Structure formats: structure tokens, C-alpha cells
Amino acid sequence: MKFAIVKGLIAAAAIVISGWAPARADVLVQIDKSSQRMSVSVDGAPRYNWPVSTGRGGYGTPSGVFHPQSMARLHFSRKYYNSPMPHSIFFHYGFAIHGTNDISQLGGPASHGCVRLHPSHAAALFSLVQRNGARNTRIEIN
């Protein structure tokens, strides 16, 4: 009888504790270089679909599956003339998804290999990844 009571208390405690755990969502960022589009889903539900600019001729954007390695709200490129890279999500060596002021180029290849977004879209993605965690975020580029 005592064992059943203890077992019931443990089960009740597990339910209460799990209710206090922070919500975890899986964020999927898919970048299609041929269409120059990014789609973002959370737990399988579509959330965003935006135009991007990936690497222009001679400057390829890597293909593959990645996870964010680091993030910076405001970063300046040491390699390319101290160019601003707001809301950077670095995913492979020096490659990042980040905002750009050159919004007229979105929808076509224009970068040195990074994935450029409209500044407001970059801010929204940055916030989403920050809120849900880099380890819960998958970046697929093809």
C-alpha cells in the first residue's frame, strides 16, 4: 500500500515538473539556392517564407545540413570591408545567415557566400533561434 502511494506521488511530481519545463520547439530553416528562397517552420508548421541572396558567381554558399555555431546581434565582416552583418547566425566556418541593407538584390545571388535576408526578417529569425535554442535549430541548404 505504501509503495502505491509513493509511486503515485512520484508520478504526480513528474507531471507538475514537466509543466514547468520551458517549451522546446524544433526550428527548421530550409534555403533553396536555385529559387533564392528561405522557408522556416517550427515543429513542422510553416512560419515564414522569404527571399534571400546567396553566393554570386565565384562565391558559393555551402550546401548541406548545419546547426548554428554562434550568433551575434551586430557583427562586422573582417574579410569584406567591415560590412555590417546584423542578426548573424553563423553556421559553417565564416558563413552566416544575416540581414542586409542591399534589399534590392534579394531574390538573386549577390553575396560572398553568406545567406542575406531583409533586416526585419533576419531579426525575426535571430529571435526565433535565440528563443528556441541553437541545438533545436536545423539549417538545410541545397
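One can find the structure itself at the top, above this paragraph.
Just so you know, these numbers come straight off a predicted model, no measurement behind them. (Residues numbered from 1 in each chain as written. Predicted model: local features only at pLDDT ≥ 70, side-chain atom pairs only at ≥ 80, totals over all residues. Heavy atoms only, no water.)

## Thoughts on the nonpolar core
Nonpolar side chains tend to gather and get buried jointly when the protein is soluble and globular. The biggest cluster of nonpolar side chains holds 22 residues, and the ones touching the most others in it are V29, I31, M38, I97, L125 and I139. Secondary-structure elements contributing two or more residues to this core are strand 1 (27–32), strand 2 (37–42), strand 6 (84–92), strand 8 (115–117), helix 2 (119–132) and strand 9 (137–141). Among all residues touching I139, those that are not within four sequence positions of it are V29, I31, G64, V65, F66, P68, I89, F91 and I97. (Core = buried A, V, L, I, M, F, W, Y, C linked by side-chain atoms within 4.5 Å. Buried < 20%, exposed > 50% of the residue type's maximum accessible area, 1.4 Å probe, protein only. Helix = DSSP H or I, 4+ residues; strand = E, 2+ residues; numbered from the N terminus. Contact = heavy atoms within 4.5 Å.)

## Overview of the pairing of strand 6
When you tally the buried positions in strand 6, you get seven out of nine residues, the bulk of the element. Of the pairings in the sheet, the one linking strand 5 (residues 70–76) to strand 6 comprises six bridges and is antiparallel in character. Looking at strand 6, one finds that F76 is bridged to P84. Pairing of strand 6 with strand 7 (residues 95–99), which is carried by three bridges, proceeds in the antiparallel orientation. Residue pairing for strand 7: I89 is matched across the bridge by I97. Here strand 6 folds back onto strand 7, and the loop between the two strands holds two residues, one of which, Y93, carries a positive phi near 50 degrees. (Pairing = 2+ DSSP bridges.)

## Let's talk about the pairing of strand 7
Among the five residues that make up strand 7, four are buried, leaving the element largely enclosed by the rest of the structure. Two elements, strand 7 and strand 8, share three bridges in a ladder whose sense is parallel. Looking at strand 8, one finds that G99 is bridged to L117.

## Observations regarding the packing of aromatic side chains
On inspection of all chains with the given rule, the structure shows two aromatic pairs. Here the aromatic rings of F66 and F91 are separated by 5.2 Å at their centres, their planes lie at 55 degrees, and the arrangement is tilted. Here F91 lies in strand 6 and F66 lies in strand 4 (residues 64–66), a separation of 25 residues in the sequence. Each member of the pair, F66 together with F91, is buried. (Phe/Tyr/Trp six-rings, centres within 6.5 Å; stacked < 30°, edge-to-face > 60°.)

## Quick notes on the sheet that holds strand 5
With mixed pairing, the four strands of this open sheet are ordered in space as 5-6-7-8. The strands lining the two open edges of the sheet, one partner per strand, are strand 5 and strand 8. Mean inter-strand twist for the sheet, computed between neighbouring axes without regard to direction, equals 25 degrees. Running over the sheet, helix 2 touches strand 5, strand 6, strand 7 and strand 8 and is turned about 45 degrees from strand 6. (Axes fitted to C-alpha atoms, helices over the stretch in contact; angles between N-to-C directions.)

## Observations concerning the pattern of salt bridges
One pass over the full model with this rule turns up two salt bridges. Notably, a salt bridge pairs D102 with R116, separated by 3.8 Å at the nearest N-O pair. Of this pair, D102 sits in the loop between strand 7 and strand 8 while R116 sits in strand 8; the two residues are 14 residues apart in sequence, bridging distant segments of the chain. Given the relative accessible area of 14%, R116 is considered buried. (Salt bridge = Lys/Arg side-chain N within 4 Å of Asp/Glu carboxyl O.)

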